[in-house]
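Spelled out, the chains give:
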Amino acid sequence: SGDLSNPNWVYIETNQPSGGNEQTIVVQFDLPPGLNHVIRGNYRWRGSPSPCTAGSWADADDLAFTVHPLVVSTDPPTVSPALTPSKTPSNQPSTIPVAEPSMEPNPSPSSSPTLPTSHPSITPSALPSESVEPTIEPSKFPSSYPSKRPSMEPSLTPSQNPSMKPTAIPSQWPSLKPSLIPSLAPSSAITMLPSSSPSHKSSESPSISLIPSLFPTGTPSSEPITAGVAQMASFLDGSPMCSNYGISCDSGTLLLARGKVKGGPERNRPNTRDGGNCDGSSGNYQSDESLERLMVRSVDGGVMMEGSTVEIVATVWAWSDGSEDYLDLYYSNSGDLSNPNWVYIETNQPSGGNEQTIVVQFDLPPGLNHVIRGNYRWRGSPSPCTAGSWADADDLAFTVHPLVVSTDPPTVSPALTPSKTPSNQPSTIPVAEPSMEPNPSPSSSPTLPTSHPSITPSALPSESVEPTIEPSKFPSSYPSKRPSMEPSLTPSQNPSMKPTAIPSQWPSLKPSLIPSLAPSSAITMLPSSSPSHKSSESPSISLIPSLFPTGTPSSQPITVAVAQMAVFVDGSPMCSSYGISCDSGTLLQARGNVN
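Quick caveat: nothing in here was measured; it's all calculated off a predicted structure. (Residues numbered from 1 in each chain as written. Predicted model: local features only at pLDDT ≥ 70, side-chain atom pairs only at ≥ 80, totals over all residues. Heavy atoms only, no water.)

> Even after reading the chapter, I still don't get the nonpolar core, so can you show me in this structure?
Generally speaking, soluble globular proteins have nonpolar side chains that are buried together. Val 296, Leu 327, Phe 362, Ile 372 and Phe 398 are the most contacted members of the largest nonpolar core, which totals 26 residues. If you list the elements that add at least two residues to this core, you get strand 7 (290–298), strand 8 (309–318), strand 9 (325–332), strand 11 (354–363), strand 12 (369–378) and strand 13 (392–399). Of all the elements, strand 8 adds the most residues to this core, at five residues. If near-sequence neighbours (up to four positions away) are discounted, Ile 372 is found in contact with Val 296, Ile 312, Tyr 330, Tyr 331, Trp 342, Phe 362, Asp 394, Asp 395, Leu 396 and Phe 398. (Core = buried A, V, L, I, M, F, W, Y, C linked by side-chain atoms within 4.5 Å. Buried < 20%, exposed > 50% of the residue type's maximum accessible area, 1.4 Å probe, protein only. Helix = DSSP H or I, 4+ residues; strand = E, 2+ residues; numbered from the N terminus. Contact = heavy atoms within 4.5 Å.)

The structure is reproduced here in structure tokens:
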């Protein structure tokens, strides 16, 4: 309609994907007159065709683009074509090659050979070239994409089991099935009643409690400890950092990828506190080495504090089988986060290829501000900064709580009978054996449920013979996307695998086995040896500049067209310049506010 802000939608057609997960739909149509165009895709679940379904699972997006005005030759059509070919080629060569090539070579070859095209075909050959033996001498024209690592011996046949590229982004939703391996740090139930068999020995060391007391003490603490929570890091002063203390500190997705590697440059690179660039940029993302995530967490489930034992959980992407990859771990408690003093912890290797998790325990030294560094490398020796072509060094800064020590003296002579009122510092360790009989005098104040549920699910799911008749009083915080017709009595045997939300940014190294629906047409620069004896039915239209100037030059020459990448302008992706294509790229990924 010309007014891009007020489109007048004209229906083209409706299609369905050929299967599940990511699918591609291709449709051909003729551009109508006009220079400014908009196309809309309205993707919907069920329903009928509409420019805007607005359903709960619908997604409508636009792409605006510009085209070149129609170029029509002003030369009149040939009335009577010559019986012999012209000695000079036409300044408007034919865009359609001859139906059959000449059977004999030209007796008078051209003195000016045809130059190779400056724009190679966008689509590769349908079948790769076959070579029986590798060449002995190097190519005179080396590839612009050299091998990541030299092979010991070149392969003579293609791989029968090509790698399946996993998703670059971890799932945002936890598994519906609990883990079959119980947590390494399960929660401990804390009794609120005094022991019926108190110890007759005085405490060997002052008690340290991370749980607030149920009753106030005679002298309140100057700095009470609140219940710890898991902390998600944010990028601050050079690397991910947790400014508040808690039970853990997690970099999340801030460390994904490595340096400027193809397919996934690392955000906020190099992600080091001292500003050192230790990242290499060779290879491809999620094929070669990268340190994806760092997390530090307490072992006992309490707040991390000085002297407590913590775990470092590192997620890495291992090349091949991981046998040549190494992760060096370091820490610093120098206090100056911008000038860390690295202390070596240990070195580990991934247990296999692709995504792997490495867990290491160590005791936090004194100090409130800490930094851990992971230096992930290919071969080499331990170092805080290898700086190799496939190395990736990242830091995670975090804060811990100061050590809390009770000032009350240990009990000298404990009472022989248990106290009638519970202690204001309940035991953090449950009794070894539960009571064999119920308490004859149950507490008037029953134990309240914990405000912090277990971080790890039960090792085995609960067993229910029949589904409940009444709905739950506390609905799930993650409602079902679509209501089920009838509830399933057994869990699915084949849970769905969440596909990647981001398409690959690099084309496949293997050409498609199905040829392109629109292959490129080679344009001859020489006149036909068998000219047509019929006059042209319509003036010629050419988007290719002529090799020789016309008698009357065009007032608007056409430059060589290139592929256009859209940018967000006035409400949708748009290509402001004309070209051979217009691509929204990643601007339309996802849908609305979907999780």
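> So what exactly am I meant to see when it comes to the pairing of strand 5 (residues 239–242) here?
Two faces, one strand: in a regular strand the side chains alternate between the faces of the sheet. Of the strand pairs in this sheet, strand 4 (residues 234–236) and strand 5 are connected by three bridges, and their pairing is antiparallel. Looking at strand 5, one finds that Phe 235 is bridged to Pro 240. What sits between the antiparallel neighbours strand 4 and strand 5 is a turn of two residues, in which Asp 237 has the positive phi angle 55 degrees. Sheet topology places strand 5 next to strand 13; two bridges connect them, and they run parallel. Within the sheet, the bridge partner assigned to Cys 242 lies in strand 13 and is Phe 398. (Pairing = 2+ DSSP bridges.)

> Sorry, what's going on with the pattern of salt bridges here?
Note that side chains of opposite charge can pair when their charged atoms are close. Scanning the model with the defined rule gives seven salt bridges in all. In this structure, Asp 62 and Arg 40 form a salt bridge, with 2.6 Å as the shortest nitrogen-oxygen distance. On the criterion of sequence distance, the pair formed by Asp 62 in strand 2 (residues 59–66) and Arg 40 in strand 1 (residues 36–43) is long-range, its members being 22 residues apart. We note a salt bridge from Asp 250 to Arg 293, for which the minimum N-O separation is 2.4 Å. Remark: Arg 293 occurs in strand 7 and Asp 250 occurs in strand 6 (residues 248–250); sequence separation between them is 43 residues. Here Asp 250 falls in the buried class, since its relative accessible area comes to 5%. Each of Asp 274, Arg 373 and Asp 395 takes part in one network of salt bridges that share partners. (Salt bridge = Lys/Arg side-chain N within 4 Å of Asp/Glu carboxyl O.)

> Explain the sheet that holds strand 1 here, please?
Within a sheet, neighbouring strands are paired by backbone hydrogen bonds and run either parallel or antiparallel to one another. The strand order across the open sheet built from four strands is 1-2-16-15, with neighbouring strands paired in mixed fashion. Where the open sheet ends on each side, the last strands, each with one partner, are strand 1 and strand 15 (567–569). Taken pair by pair, the neighbouring strands of this sheet meet at an average axis angle of 35 degrees, ignoring direction. Where strand 1 and strand 2 come together, eight bridges link them in antiparallel fashion. Note on strand 2: the bridge partner recorded for Arg 40 is Asp 62. (Axes fitted to C-alpha atoms, helices over the stretch in contact; angles between N-to-C directions.)

> Even after reading the chapter, I still don't get the sheet that holds strand 10 (residues 343–348), so can you show me in this structure?
Reading across the sheet, the six strands line up as 4-5-13-12-9-10 and stay open at both edges, with mixed pairing between neighbours. Strand pairing shows two members of the sheet lacking a second neighbour, strand 4 and strand 10, which therefore form its edges. Strand after strand, the sheet turns through a mean of 30 degrees between neighbouring axes, direction not considered. Judged from the five bridges that link them, strand 9 and strand 10 form a sheet pairing that is antiparallel. Counterpart to Asp 328 in the pairing with strand 10 is Thr 347.

> Help me understand unusual backbone geometry, please; the structure alone is not making it clear to me.
Note that the residue after Arg 269, namely Pro 270, is joined by a cis bond; omega there is 10 degrees. By the secondary structure assignment, Pro 270 is in the loop between strand 6 and strand 7. Here the phi dihedral of Ser 320 falls at roughly 55 degrees; this positive angle occurs in a residue that is not glycine. Take Ser 320: it is sitting in the loop between strand 8 and strand 9. Although it is not a glycine, Ala 387 adopts a positive phi angle of roughly 60 degrees. The residue Ala 387 is located in the loop between strand 12 and strand 13 in this model. We classify Ala 387 as partly exposed; its relative accessible area is 46%.

> Can you help me understand the environment of Asn 268 in this one?
Mapped onto the elements, Asn 268 comes out in the loop between strand 6 and strand 7. Since its relative accessible area comes to 34%, Asn 268 is described here as partly exposed. On a C-alpha basis, the gap between Asn 268 and Leu 255 in space is 8.3 Å, while along the polypeptide they are 13 residues apart.

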